[in-house]
Amino acid sequence: MKPLYFVGTSRDDLSAFPEEVKDSTGYALYLAQLGDKHPRAKPLRGFGGAGVLEAVANDDGDTYRTVYAIRLPSAVYVLHAFQKKPTRGITTPQREIALVRERLRLAEAHHSIAFRQERGIR
């Protein structure tokens, strides 16, 4: 099972979600750690394929999204967790995308340092 890391405020943001949303999201993250994919998780557009996924859950008319990276081979990184405000359809606001990009860079940097020995690099 791959370890799970939270980047930035993603752990605190996720912990503020309603219980049912946390349960659903937790299960999606557990499946990602096992190398599987939750049926309601989908690739986040603009990140080149299925390496960055978005788990979407609804509760009492509100939509919650958790974005996580599975493209790094030795760990799963939770990049962002937020409540989607109904401003413009289903698209993810650009400020949220920018935050995900920034946190993905942090996750990649952490991964390259934390798992250096695993790849035979000293």
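Predicted model only: the values in this text are computed from it and were never measured. (Residues numbered from 1 in each chain as written. Predicted model: local features only at pLDDT ≥ 70, side-chain atom pairs only at ≥ 80, totals over all residues. Heavy atoms only, no water.)

Chemist: Sorry, what's going on with the environment of Gly-8 here?
Modeler: Mapping Gly-8 onto the fold places it in the loop between strand 1 (4-6) and helix 1 (10-15). Separated by 71 residues in the primary sequence, Gly-8 and Leu-79 have C-alpha atoms spaced 7.4 Å apart. (Helix = DSSP H or I, 4+ residues; strand = E, 2+ residues; numbered from the N terminus.)

Chemist: Explanation requested: the nonpolar core in the structure shown.
Modeler: For soluble globular proteins, nonpolar side chains are generally found buried alongside one another. Among the nonpolar cores identified, the biggest contains 16 residues, and Leu-44, Phe-47, Val-52, Val-67, Tyr-77 and Leu-79 are the most heavily contacted of them. Looking at this core, the elements with two or more residues in it are strand 4 (62-69), strand 5 (76-84) and helix 3 (94-114). Counting residues per element, this core draws most heavily on helix 3, at four residues. Sequence-distant contacts of Val-67, defined by excluding residues within four places in its chain, comprise Leu-44, Val-52, Leu-53, Glu-54, Tyr-77, Val-78, Leu-79, His-80, Phe-82 and Val-100. Grouped together as the second largest cluster of nonpolar side chains are 15 residues, Val-21, Leu-29, Val-78 and Ala-81 included. (Core = buried A, V, L, I, M, F, W, Y, C linked by side-chain atoms within 4.5 Å. Buried < 20%, exposed > 50% of the residue type's maximum accessible area, 1.4 Å probe, protein only. Contact = heavy atoms within 4.5 Å.)

Chemist: Explain the packing of aromatic side chains to me, please; I cannot follow it from the model alone.
Modeler: For the structure shown, the criterion picks out four aromatic pairs. Relative to Tyr-64, the ring of Phe-17 has its centre 4.8 Å away and its plane inclined at 55 degrees; by these criteria the two rings are tilted. Of this pair, Phe-17 sits in the loop between helix 1 and helix 2 (19-33) while Tyr-64 is found in strand 4, placing the two residues 47 residues apart along the sequence. Residue classification places Phe-17 among the buried residues on the basis of a relative accessible area of 7%. Residue Tyr-64 is classed as buried on the basis of its relative accessible area, which comes to 9%. (Phe/Tyr/Trp six-rings, centres within 6.5 Å; stacked < 30°, edge-to-face > 60°.)

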